[in-house]
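What follows is the residue order along each chain.
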Amino acid sequence: MCDESASCAHDSETDAQMSLLDLPIEIFLHICSFLEASTLAYTLSPVCKQFYLILRDDSLWKARVNRMWTDASYPVLRLAKDNNLFWRLACVALEKQVKLWRHQESMEKLLLTDVQYSTIDALLLMHSGTTCISGARDRSLVYWKLPTQENEREKAACVEQAHNGWIWDLTAIDNTIYSCSWDQSIKSWMLTNTGLVQMKTYETRGPLGGALLCVSSCAEQEVFAAGSYSSTVFVYDSRSGHKPIVEYHPHSRAVIKLAMNSSYILSASEDKKVTIWDQRARQMLRCVNISKNAFPMCMSMHRDWVYVGDSAAELHVLNPKNDFAVVKSYATGHKKGITGVHQTRGCLITSSTDGTVRVSSPTDPPKCLATLTFRFGEVASMDYLNSVLAISGTEGIEIWRPKSMCSNKDQ
């Protein structure tokens, strides 16, 4: 009896001391398969060296992504170089976006109306999605402070005559916002706690002038560029004067969209082409024909790929490692032209003049997660930041965001 009691006591003591560290790796990984990727990456991995070594293996995260999209490949194109964190961060982002958009119980919709009274063509999200800037054809520029834990209702500060023409596009470098207009000017605005304060006016009048239809910026180099109806691109240094540091004429028709980084400026035009300008060499690198029957309307540029949406509702992928050649094209499911495209690690979002916004997986091919119908008709502009989606049109703005961003909403 004493031996049996001693044996039982020993077994109980051994069982009490067992932990996840004592489990075979196969069982540990099976348990992990029931946990969210964010829990594994940010909570379990830092617990100890053993967990860290197991969970840093890229094959774990790749397998998890493949299980999520069994009939599609991710990423769309091969990465330019290996990144030890890519697959882990991608898996976390993919799971988060699928959870947000597939059922939408955790999302809320806000309506921003009764301040601007014409089509809102320019839209920009800032400050992790808590601030929205909008420019409209009534020439007004509005600073929206969205509800947060400290601020239960949205607040708006309006500059009624921000330009002498329609405001068509917006970009930002830090807290400085740049607006372009049909009045042929670009204006810079300092974003303060109470609203927008005008700083500089950049003129483009002259033989190469014309209505300005798009603007883009590179915060890393503190430069921005604007594209005009007269098929010219103007590049400015935000730290210098009012005149452009570079002017070039890449198209035969209006420049309607720009995208830029520290190396390149991409311009899309009604002439059905996308041109690539080398910022370092200050010369044209390539001209790409997007389609025979449609012209490009929007772009989203990343280091390893570029998405271009066109007027025939198709989406094209350009490969920067292959001279920006068009390597893939997809039908989006939209019925009219694509007015906006935004791609992150976790989702691909497109908006259209058919009045819908489609949230898809950033895979080859894209898989639709959700289709949103815009209550104000055609979608003129769209922006996405920190899981916050802003959509604008003829009468107002819709904001889609996680309910957790505001304390007065049910969690």
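Model, not experiment: these values are computed from the prediction.

Definitions and cut-offs
Residues numbered from 1 in each chain as written. Predicted model: local features only at pLDDT ≥ 70, side-chain atom pairs only at ≥ 80, totals over all residues. Heavy atoms only, no water. Domains from an automatic or database assignment. Buried area = accessible area lost by both parts, 1.4 Å probe. Salt bridge = Lys/Arg side-chain N within 4 Å of Asp/Glu carboxyl O. Polar contact = N/O pair within 3.5 Å; in protein donor to acceptor, adjacent residues only side chain to side chain. Nonpolar A, V, L, I, M, F, W, Y, C, P; charged D, E, K, R; others polar. Pairing = 2+ DSSP bridges. Helix = DSSP H or I, 4+ residues; strand = E, 2+ residues; numbered from the N terminus. Axes fitted to C-alpha atoms, helices over the stretch in contact; angles between N-to-C directions. Buried < 20%, exposed > 50% of the residue type's maximum accessible area, 1.4 Å probe, protein only. Arc of directions from axis to C-beta. Contact = heavy atoms within 4.5 Å. Patch = residues over 30% accessible without salt bridge, like charges linked within 9 Å, V, L, I, M, F, W, Y side chains within 5 Å. Areas by Shrake-Rupley, 256 points an atom, 1.4 Å probe, with all protein chains shown as cover. Disulfide = S-S within 2.5 Å.

**Details of the domain arrangement of the protein**
Alright, step 1. Here the domain parsing of the protein yields domain 1 (25-102) and domain 2 (108-406).
Alright, step 2. Between the C-alpha centres of domain 1 and domain 2 the distance comes to 31 Å.
Alright, step 3. Summed over both sides, the interface of domain 1 with domain 2 buries roughly 2200 Å², with 68% coming from carbon and sulfur.
Alright, step 4. Looking only at domain 1, the three residues that lose the most surface to domain 2 are V76, L77 and W101, adding up to 36% of its buried area.
Alright, step 5. For the salt bridge of D71 with K367, the shortest nitrogen-to-oxygen distance reads 3.3 Å.
Alright, step 6. Between domain 1 and domain 2 we count seven residue pairs in polar contact (both at pLDDT 80 or more) in total.
Alright, step 7. Here the residues of the side of domain 1 that touches domain 2 sort into 16 nonpolar, two polar and five charged.

**Description of the sheet that holds strand 3 (residues 131-136)**
Alright, step 1. Across the sheet, which stays open at both edges, the four strands sit in the order 2-3-4-5 with antiparallel pairing between neighbours. Each having just a single partner strand, strand 2 (120-126) and strand 5 (155-159) make up the two edges of the open sheet. Within the sheet, the average angular offset between the axes of one strand and its neighbour, ignoring direction, is 15°.
Alright, step 2. Pairing analysis gives six bridges linking strand 2 to strand 3, with the strands arranged antiparallel. The residue of strand 3 that forms the bridge with L125 is C132.

**Observations concerning helix 3 (residues 37-44)**
Alright, step 1. Where helix 3 is concerned, the buried positions are A37, L40, A41 and L44. Seen from one end, helix 3 has its buried residues packed into an arc of 130°, which puts them on one side. Residues of helix 3 that are exposed and angled more than 90 degrees away from the buried face: Y42 and T43.
Alright, step 2. Buried-residue contacts for helix 3 involve helix 2 (25-32), helix 4 (49-55), helix 5 (58-68) and helix 6 (86-102).

**What about unusual backbone geometry?**
Alright, step 1. Here the residue pair Y74 and P75 is connected by a cis peptide bond, since its omega of -5° sits within 30 degrees of zero.
Alright, step 2. Of note in this structure, H127 is not a glycine but carries a positive phi near 50°.
Alright, step 3. Tracing the backbone shows H127 in the loop between strand 2 and strand 3.
Alright, step 4. Under the relative-accessibility criterion, H127 is labelled partly exposed at 39%.

**Looking at the pattern of salt bridges**
Alright, step 1. Under the criterion given, the structure shown has ten salt bridges.
Alright, step 2. The salt bridge involving K257 is made with D169; its shortest N-O contact spans 3.7 Å. Here K257, found in strand 14 (residues 255-260), pairs with D169, found in strand 6 (residues 167-173); they are 88 residues apart in sequence, far enough to count as distant.
Alright, step 3. Assessed through its relative accessible area of 8%, D169 is described here as buried.
Alright, step 4. With its nearest N and O atoms 3.0 Å apart, the salt bridge here joins R239 to D237.
Alright, step 5. Under the relative-accessibility criterion, R239 is labelled exposed at 54%.
Alright, step 6. Judged by its relative accessible area of 15%, D237 falls in the buried class.

**So, a nonpolar patch on the surface**
Alright, step 1. Nonpolar side chains collect at one region of the surface, where L20, I27, I31 and L35 lie side by side and expose about 290 Å² of accessible area between them.
Alright, step 2. The topology assignment puts L35 in the loop between helix 2 and helix 3.
Alright, step 3. Taking the relative accessible area as the measure of exposure, L35 reaches 34% and is therefore partly exposed.

**Let's talk about the sheet that holds strand 27 (residues 388-392)**
Alright, step 1. Spatially, the four strands line up as an open sheet ordered 1-28-27-26, and their pairing is antiparallel. Edge positions in the sheet fall to strand 1 (107-112) and strand 26 (381-385), since each of these pairs with one other strand and no more. Neighbour-to-neighbour, the strand axes of the sheet open up by a mean angle of 15°, direction not taken into account.
Alright, step 2. Where strand 1 lies against strand 28 (residues 397-402), six bridges are found, and the strand directions are antiparallel. Bridge pairing in strand 28 links L112 to I397.

**Quick word on the environment of H127**
Alright, step 1. Taking C-alpha positions, H127 is 9.9 Å from K145, a pair spaced 18 residues apart along the chain.
Alright, step 2. Looking at H127, its side chain comes within polar contact range of the side chain of N175, at 2.8 Å.

**Some thoughts on the state of the cysteines**
Alright, step 1. Taken as a whole and judged by the stated rule, the model has zero disulfides.
Alright, step 2. Cysteine C32 remains unbridged, with the sulfur of C48 as its closest cysteine sulfur at 11 Å.
Alright, step 3. Note on C32: relative accessible area 1%, which makes it buried.
Alright, step 4. You can see C368 has no disulfide; the closest cysteine sulfur is in C347, sitting 12 Å from it.
Alright, step 5. What makes C368 partly exposed here is its relative accessible area of 37%.

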